[in-house]
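Residue strings, one per chain:
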Amino acid sequence: MLKSGSYWCKGRRDSYSSTEWSDALSLIVSSHKPRPTVTADSRTIPVGGKKTLTCFVEESADWMYNWFRRTSVFSESQIIRDGESDGAISISQGGIYHCRGGRGNPVFFTEDSDPVTIEKRVSNKAVVSLQPNWPLIFSGETITVRCDIYRGENTGWEYEWSRPNSDTIPTHDECRIGSAAVNDSGNYRCMGKQRWDSYSSTEWSEVITLTVSSHRPKANLSADNRGFPVGGSVTLTCSVNPSSSGWKYFWYRGETSSKPLTGPDLTVLSTLQITVSQEGVYWCVGQRGTPVYYTEYSDSINIQRIGTDTNAAAVTRQPDWPEIYSGETITLRCEIQGGDTEWEYEWMTTGSYKPPNQNKYRISFVSPLYNGDYWCMGRLKRAQRNSTGWSTSFKLTLSYNNPQPVLTVSPLWLSPGDSVTLTCSVKHPSAGWRFFWYKAVPKPPDISDMYGFFGHHWIDYRSLHNSYSYELLPGSTNGTEQDSYIVHGQTHTAGYVCRAGRGDPVFYTQYSKPKFVWSGDVHSAASLTVSPDRVQHFTSDSVSLSCEGNSTAWRVMRFFGDGPPSHCFSWGTMSGSTCHLNHYSLWLLNAVHWCESGSGESSNAVNITGNYLIILVSPVHPVREGGSVTFGCMQRTGKPLSNVTFYKNDKLVRKSDRAELEISAVSKSDEGFYRCEHSGGVSQQSWMSVKSSSSPFPVLLTAGLVSGIVLIVLLTLVLLCWYKKSKDTCCYRLIQSQRSAVVHTVDQDENQQQLYSSLLHGDVCVYETIVGSGITGRGELADGYRNVTSQIQLKALGKRKIRVDAAERSDYSNVNLDSSAGP
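A short tour of the structure in this document, coming up. Being a predicted model, the structure only gives us computed values, none of them experimental. Along each chain, residues carry numbers from 1 onward, in the same order as the chain's sequence is written. This being a predicted model, a pLDDT of at least 70 is required before a residue's local features are given, and a value of 80 or more before pairs of side-chain atoms are given or counted; all residues contribute to the totals for chains, interfaces and linings. Based on all heavy atoms of the structure, the side-chain values leave hydrogens and waters out of the count.

So, the pairing of strand 19 (residues 186–194)
Reasoning step 1: Whether a residue is buried, partly exposed or exposed follows from its accessible area with a 1.4 Å probe, protein chains only, as a fraction of its type maximum: under 20%, in between, or over 50%, in that order. Strands are runs of DSSP state E lasting at least two residues, helices are runs of H or I lasting at least four, and both sets are numbered from the N terminus onward. Along strand 19, seven of the nine residues are buried, which leaves the element largely enclosed by surrounding structure.
Reasoning step 2: Sheet topology places strand 19 next to strand 21 (residues 208–210); three bridges connect them, and they run antiparallel. Residue N187 lies in a different strand from strand 21, and its bridge partner there is T209.
Reasoning step 3: Strand pairing follows a simple DSSP-based rule, namely that at least 2 bridges must link the two strands. Both strand 19 and strand 20 (residues 197–201) contribute to a ladder of two bridges, which runs antiparallel. Following the sheet pairing, Q194 is matched in strand 20 by D197.
Reasoning step 4: Where strand 19 folds back onto strand 20 in an antiparallel hairpin, the turn is made up of two residues.

Some words on the state of the cysteines
Reasoning step 1: Disulfide: a pair of cysteine sulfur atoms within 2.5 Å of each other. Evaluated as defined, the whole model comprises eight disulfides.
Reasoning step 2: Here C238 engages in a disulfide with C284; their sulfurs sit 2.0 Å apart. The sign of the 80° torsion about the S-S bond sets the C238-C284 disulfide as right-handed. Residue C238 is located in strand 25 (residues 234–241), and its partner C284 is located in strand 29 (residues 280–288); the two are separated by 46 residues in the primary sequence. Accessibility classification places C238 together with C284 in one group, the buried group.
Reasoning step 3: Through a disulfide, C568 is tied to C579; the S-S separation comes to 2.1 Å. The S-S bond linking C568 to C579 shows a torsion near 85°; that makes this disulfide right-handed.

So, the packing of aromatic side chains
Reasoning step 1: The rule is short: rings of Phe, Tyr and Trp, with Trp giving its six-membered ring, pair when the centres are within 6.5 Å, and they are stacked under 30 degrees, edge-to-face over 60, tilted in between. According to the stated counting rule, one finds 24 aromatic pairs in the structure shown.
Reasoning step 2: Consider the rings of W247 and Y293, whose centres lie 6.5 Å apart with planes at 45°: the pair is tilted. Placement of the pair is W247 in the loop between strand 25 and strand 26 (248–253) and Y293 in strand 30 (residues 293–294), with a sequence separation of 46 residues. An identical accessibility class is assigned to W247 and Y293; each is buried.
Reasoning step 3: Ring geometry for F516 against F559: centres 6.2 Å apart, planes inclined by 55°, an arrangement best described as tilted. Of the two residues, F516 sits in strand 50 (residues 515–517) while F559 sits in strand 54 (residues 554–559), which places them 43 residues apart along the sequence.
Reasoning step 4: Chaining the aromatic ring pairs together yields one cluster made of W413, Y468, F516, W518, F559 and W594.
Reasoning step 5: The ring of F109 has R100 sitting right over it, with the charged end atom 4.2 Å from the ring centre.
Reasoning step 6: Residue placement shows R103 over the ring face of W63; its charged tip is 4.1 Å from the ring centre. Either the NZ atom of lysine or the CZ atom of arginine qualifies as a charge over a ring when it sits within 6 Å of the ring centre and within 35 degrees of the ring normal.

Structural notes on unusual backbone geometry
Reasoning step 1: Cis geometry marks the peptide bond from N241 to P242; its omega dihedral reads 5°.
Reasoning step 2: The omega torsion of the bond from S531 to P532 falls at 0°, within 30 degrees of zero and hence cis.
Reasoning step 3: The backbone of H428 shows a phi angle near 55°, a positive value even though the residue is not glycine.
Reasoning step 4: Within the element layout of this structure, H428 appears in the loop between strand 42 (419–425) and strand 43 (434–442).
Reasoning step 5: One non-glycine residue, N649, lies in positive phi territory at about 50°.
Reasoning step 6: Along the chain, the position of N649 falls in the loop between strand 63 (644–648) and strand 64 (651–656).
Reasoning step 7: Given the relative accessible area of 40%, N649 is considered partly exposed.

Concerning the environment of W375
Reasoning step 1: If you trace the backbone, W375 turns up in strand 37 (residues 372–380).
Reasoning step 2: W375 sits 27 residues away from M348 along the chain, and the two C-alpha atoms are 5.1 Å apart.
Reasoning step 3: Among the polar contacts made by the side chain of W375, one reaches the side chain of N225 at a distance of 3.5 Å. Contacts described as polar in this section are N or O atom pairs within 3.5 Å, which, within protein, must combine one atom able to donate a hydrogen with one able to accept it, while residues neighboring in sequence count only if both atoms come from side chains.

Observations concerning the pairing of strand 57 (residues 578–581)
Reasoning step 1: Bridge count between strand 53 (residues 544–549) and strand 57: three bridges; the pairing is antiparallel. Counted as the bridge partner of S546 is T578 from strand 57.
Reasoning step 2: Relative to strand 57, strand 56 (residues 572–575) runs antiparallel, the two sharing four bridges. Across the sheet, residue M574 finds its bridge partner in strand 57, namely C579.
Reasoning step 3: Taken together, strand 56 and the strand that follows it, strand 57, pair antiparallel across an intervening segment of two residues, in which G576 is found at a positive phi of about 65°.

Digging into the pattern of salt bridges
Reasoning step 1: Whenever Lys or Arg places a side-chain nitrogen within 4 Å of a carboxyl oxygen from Asp or Glu, that contact is recorded as a salt bridge. Applying the stated criterion across every chain yields a total of 23 salt bridges.
Reasoning step 2: Two residues, E119 and R121, come together in a salt bridge whose shortest N-O distance is 3.1 Å.
Reasoning step 3: R121 gets classed as buried once you look at its relative accessible area, which sits at 8%.
Reasoning step 4: For the salt bridge of E677 with R675, the shortest nitrogen-to-oxygen distance reads 2.6 Å.
Reasoning step 5: Three or more residues are tied together by salt bridges with common partners; here these are E119, R121, E160, K193 and E203.

Written as structure tokens, this is what we have:
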């Protein structure tokens, strides 16, 4: 340190001649020896590989490097390189390495570097295993975890373990756990190190997982039957839950017996099954391992001999449907065939509730707690020792889930003259079900019920919860035996649901998911318009859907795939009565859209599709027969197209130099799916619907005829009631006929088989049924034929004018007149 500083020099020739002073040289003398640093690109040498170590001294130069290696922490260092200017060295052996630097003459040495431990991997493979190899170990069992080294001839190994919750590091090839506990659970692995070179080792073995249960398992005893006839037997099965291997089982009979069954008392079928042919209480226990580890004893089972006399007992269930659901009402009966009827009854069951000692057991709200086997027997009241013996077992198994029927509708898109067929499918349709049919009427929008903020997104609970009220369709109050129902005259978009019921009291299934039929026809009460006015759109388009009609509250709905209908808030932005679609929703778009009003009406529906490159320009609404229509083909770039090919129902219609397909006089045969192609680009296909252009006059005439018949029937009813009252009798709206009536259905000509136009504003249907009566030979009504049924359902007559629109006709009308002339 004292010699540190700046130094100058100059030369003299004589006392008066000298050089200038040199530039200053700064000398810094450190107070301590430097310590070199060793770096390694890896601390492990792979099988057959090498690694590089580097030694360097910071902020100085001209060093020569020496390298040293030790084979263990207790051995002396051996020099492996002496005085090389290159500080890097390539090594292929494991060990403890360090270096030092030297320079000058005499040589000045640095301190030794910090040691670096390098391990070498050998080709041998370590494998860890469990003995015995059971997937689940129970608390208190003995288990051994073993490490085996494979490949290679060297047998001199020491072992290193990685195991959970242990401060001790075993060096042997096995780790024995004398009484396993939960904290012994975890991952185990091992590796082997050569005794003569502790820095040469195998790779770590694959992990094996040990799972120790916290409780002692309990044996589970089951029987294929609780009773057997004379000469018969019962099969008993003993098992451990949760299932595991290695168990042997011992069997016992009697409440206090401590001696296992052997020899003639049983027949061994397998390690876990036996057959017995003696009455009594049976139980079992399992054991495994060395030392022996026992399960807890099983619950006991009482095995009875079944009587074989003429008064045999049998358990029956009413109703005898193939499947019973939780919540239904059933009755179990103990029936004794033949002989005396003065019996007292006794029941036995594996279920949670034992039936009372009566011949029948009514369960008003059955649940899975009643699952199990049931037996019964009878004893004569006057001779208590004479009994039927136990019946054979009756297994009661209940289904946990309330079934949900599946509703299908046909057709999905309405055309004038279509009838809608609803089909309700349930499991075991013939098992006493009656079917109930409903129209799904939209509930008024309630923002608080439909939306909520979850995380960073608004969630549309409208799609998760039921937003429809269900109104029974006519003739469905008591259900129908048939699993199908036909709706005539439906002209507008509508949703339907169904459910099934059976029993007394009636047990109902869940409601089916709503299914919709869609109409493209626009009506003034509720209509949907699309902007731009086309069915297909580019994924980059700004698309808006607007609702108009007799309401101030609207919601725009979408139906996509098999999911539930969802509200605009899920895939767009609602502003007043207009929904603006998000751009991302057009990428996956191929969905039906429609409006629902606060008053429960539904608009026309539009199936909107999105495409990235090319779209078909087609009409949004149905086209009237005789009118004209023009299809277009557009690219996203907006450039004019030529050589465009148009297809209908995947069949070539026309190749056009222009990007248009014009139909000047549309007919019903033009209805179908259309698409276009250009230069390899293909649009989605869209449906064009064609509606009839027939005059509304026949409908008005038919409606007037039906109205006249109704007025005549009403007048007849008034006269009949007046006549009956004059004789101090009651006038009923419906008097059941004593004789069968021939039902006649009044149909119009073939072109007008069903009347569609709504007699009221909206989609109101009129249902009429008139059951006629016989006429005597004198032209008088016979007493047994004074049967008239008239039901007319008209809605909102008070504030609306009756309107007939040829494009929107709907009339459910069946007029049944039964008249027969006598001589």
